[in-house]
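If you want the building blocks of each chain, they are given just below.
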Amino acid sequence: MSIPTPQPLRQTSQSVDALLPCLRVDEFLCPARRLQSDHCSSLERKLTVTDLVTLNVSAAVRDRYSEASQTQVAALCCPVSYDPRFLDAIPREVIERDYGCGDPSKYVQPGDVVLDLGSGGGKICFIAAQVVGPTGRVIGIDCNDDMLSLARRSQPEVARRIGFDNVQFLKGQIQDLKLDLDRLEVRLREQPIASSSDWLHAHERSDELRRTSPLVSDESIDVVVSNCVLNLVRSEDRRQLFGEIHRVLKPGGRAVISDIVSSTDVPASLQNKSELWSGCLSGAFREDRFLAAFEAAGFGGLEILERQSEPWQVVEGIEFRSLTVRAHKLPLNCCADWDGSNATDVVYRGPWKSVQDDSGNTFARGQHITVCQSTADMLRQPPYANQMLFTSEAAACCEPSTSAGSFNPLPLATESNCCGPTGCC
Ligand SMILES: C[S@@+](CC[C@H](N)C(=O)[O-])C[C@H]1O[C@@H](n2cnc3c(N)ncnc32)[C@H](O)[C@@H]1O
């Protein structure tokens, strides 16, 4: 009986990718002193072959942004004007390495805990640090050593100029916000991967780190921002990426993301060009799919805050432009067991004839709807605040309504008889 030669599995290479794409893989696989071993070099050969298939996006992005941390690369992402009041405190070197396409820092508030995905040289973090002030906190995440080093060495200077230090830069992949790559790296230096057993142990260690000391904890962040980074994440990792953004946000928290979107799907021929990937074009989300990705992850109340009217670039007839979107992690609906107590009467004030929420419920202008307390609380918060009138304001209307029906996801909310069972208001 012949035993088939083991072939490198695609799954294996994906696992390696998930583990190490931003690290210099060759640093940990078969360090020079071990390359003598046949076993080791064959393992390296297998991993290298498969890496070429699956690591090209990560590698293209890593190499391009390492270069871009050393010297300004004008072609990377579109120029943006930031509030000049916040730029004085930021070292010139950081401002020059600006590879953004929008300014999500405009939408953070004093006291916020902010997470910046793909923080690069740190510019958005340093602006946000000044907006949130000493009572807030800013965490920048990047997986590129050179970018992290630029941001980290600039941090003391910014802290000195603004008078407080409320920023941290952490090493991680934005699609895997539980894994602390600095900690993993310590482990890998102690125990480099020289065999498949080592590799399995490294995997186990990664899982343990995710479980016991997550880089970013569940529900710990008020606002997740990102400037021109999500498009750099491989498409197969994007569902997890949006899930991670949702996980780390507190209920009621928001994501404000500036990114590049395309007018139509980007064909494979363009997606295979590494220059276009790292230049924020190949990975651009199709505009409608960008919004759909937030919805699929459970976000609601999406708002398009900014959209370039003229495309930033047109390639093969496809328009690429910057879009800034805010998406809300709406609190869980707590009305499922509502017994009708503490009801609040709400009325959509217009100007549209009717509006629909993310669960398909329609609010007609001027129509009274009775909702439970938690729904009323939600409607009082952004992005719905100011759209609705509540009991005391709405009570002036005495138009009785006749029908009552279920209202999802506020299940027991009904069209109300504004005069109520006990008589007219
Ligand atoms: C276009 S630059 C934007 C940098 C910064 N946001 C700005 O406004 O200048 C992209 C940054 O995202 C980082 N990056 C790309 N993919 C990443 C990933 N999957 N995880 C973490 N960082 C990533 C790159 O290393 C780079 O620093």
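Residues numbered from 1 in each chain as written. Predicted model: local features only at pLDDT ≥ 70, side-chain atom pairs only at ≥ 80, totals over all residues. Heavy atoms only, no water.

Draft legend 1. Molecular detail of the pattern of salt bridges. Applying the stated criterion to the full structure yields 29 salt bridges. With a shortest N-O distance of 2.7 Å, R247 and E244 are connected by a salt bridge. With R247 and E244 both in helix α10 (residues 238-248) and three residues apart, the pair spans about one turn of that helix. The two residues R247 and E244 agree in class, both being buried. In this structure, E303 engages R326 in a salt bridge whose closest nitrogen and oxygen atoms are separated by 2.8 Å. (Salt bridge = Lys/Arg side-chain N within 4 Å of Asp/Glu carboxyl O. Helix = DSSP H or I, 4+ residues; strand = E, 2+ residues; numbered from the N terminus. Buried < 20%, exposed > 50% of the residue type's maximum accessible area, 1.4 Å probe, protein only.)

Draft legend 2. Summary view of the packing of aromatic side chains. Tallied over the full model, the rule gives six aromatic pairs. Ring geometry for F126 against F169: centres 5.5 Å apart, planes inclined by 75°, an arrangement best described as edge-to-face. Of this pair, F126 sits in helix α6 (residues 123-132) while F169 sits in strand β3 (residues 167-171), and the two are 43 residues apart along the sequence. According to the relative accessible area criterion, F126 is buried, its value standing at 0%. Relative accessible area serves as the criterion here: at 5%, F169 is assigned to the buried category. Measuring from ring centre to ring centre gives 4.9 Å for F285 and F290, while their planes differ by 50°; the resulting arrangement is tilted. Classification of F285 by relative accessible area gives buried; the value is 6%. Residue classification places F290 among the buried positions, given a relative accessible area of 0%. Clustering of aromatic rings is evident, with ring pairs tying together F242, F285, F290, F294 and F299. Positioned above the aromatic ring of F285 is the side chain of R238, whose terminal nitrogen or guanidinium carbon lies 4.2 Å from the ring centre. (Phe/Tyr/Trp six-rings, centres within 6.5 Å; stacked < 30°, edge-to-face > 60°. Lys NZ or Arg CZ within 6 Å of the ring centre and 35° of its normal.)

Draft legend 3. Molecular detail of the site of the ligand. Taken together, 24 residues lie near the ligand, and Y99, G118, D142, I174 and Q175 sit nearest. Between D142 and the ligand, the recorded distance is 2.7 Å, taken from a side-chain N or O atom to an oxygen atom. Burial of the ligand by the surrounding chains reaches 97%, relative to a free accessible area of 590 Å². Of the residues belonging to the shell around the ligand, the class tally is eleven nonpolar, nine polar and four charged. (Near = heavy atom within 4 Å. Polar contact = N/O pair within 3.5 Å; in protein donor to acceptor, adjacent residues only side chain to side chain. Areas by Shrake-Rupley, 256 points an atom, 1.4 Å probe, with all protein chains shown as cover. Nonpolar A, V, L, I, M, F, W, Y, C, P; charged D, E, K, R; others polar.)

Draft legend 4. Here's a closer look at the side chain of N231. Tracing the backbone through its elements, the reader meets N231 in the loop between β4 (221-227) and α10. Only 2.6 Å separates the side chain of N231 from the side chain of D259, close enough to count as a polar contact. When sequence neighbours within four positions are dropped, the list of residues in contact with N231 reads R238, D259, I260, W277, C280, G283, A284 and F285. (Contact = heavy atoms within 4.5 Å.)

Draft legend 5. Layout of the pairing of β3. With four of its five residues buried, β3 lies for the most part within the structure. On the question of chirality, the crossover connecting strand β2 (residues 137-142) to the parallel β3 by way of helix α7 (residues 145-162) is right-handed. (Right-handed = clockwise from strand over helix to strand, strands pointing away.)

Draft legend 6. Representation of the packing of α6 against α7 in the model. Contact geometry for α6 and α7: axes closest at 11 Å, N-to-C directions at 30°. By the angle between their directions, the pair α6 and α7 is classed as roughly parallel. Judged by the sense of rotation from one axis to the other, the crossing of α6 with α7 is right-handed. Seen from α6, the contacting residues are F126, A129 and Q130; seen from α7, they are A151, S154, Q155, V158 and I162. Looking at the contact of α6 with α7 residue by residue, the classes come out as five nonpolar, three polar and no charged. (Axes fitted to C-alpha atoms, helices over the stretch in contact; angles between N-to-C directions. Parallel < 35°, antiparallel > 145°, perpendicular 65-115°, else oblique. Left-handed = near helix turned anticlockwise from the far one by under 90°.)

Draft legend 7. Molecular detail of unusual backbone geometry. In the segment running from G350 into P351, the intervening peptide bond is cis, with an omega of 15°. A cis amide bond links P382 with the next residue in sequence, P383, at an omega value of 5°. Position of P383 among the secondary structure elements: in the loop between α14 (373-380) and β14 (388-389). One non-glycine residue, N342, lies in the positive phi region at around 50°. Assignment of secondary structure puts N342 in the loop between β9 (318-328) and β10 (344-348). By relative accessible area, N342 is classed as exposed at 55%.

Draft legend 8. Seen up close, the packing of helix α8 (residues 181-190) against helix α9 (residues 196-212). Where α8 contacts α9, the two axes come as close as 10 Å, and the packing angle between them is 150°. Here α9 runs roughly antiparallel to α8, going by the angle between their axes. Seen along the crossing, α8 lies across α9 with a hand that is right-handed. In contact with R183, L184, R187 and L188 of α8, α9 contributes A202, R205, S206 and L209. Looking at side-chain class alone, the contact of α8 with α9 contains four nonpolar, one polar and three charged residues.

Draft legend 9. Here's a closer look at the pairing of β9. For β9, the buried fraction is high: ten of the eleven residues fall into the buried class. Sheet analysis places strand β7 (residues 300-307) next to β9, joined by five bridges and oriented antiparallel. Of the residues in β9, the one forming a bridge with E306 is T324. For strand β8 (residues 313-315) and β9, the ladder comprises three bridges, and the chain directions are antiparallel. Note on β9: the bridge partner recorded for Q313 is F320. Joining the antiparallel neighbours β8 and β9 is a turn of two residues, in which E316 adopts a positive phi near 50°. (Pairing = 2+ DSSP bridges.)

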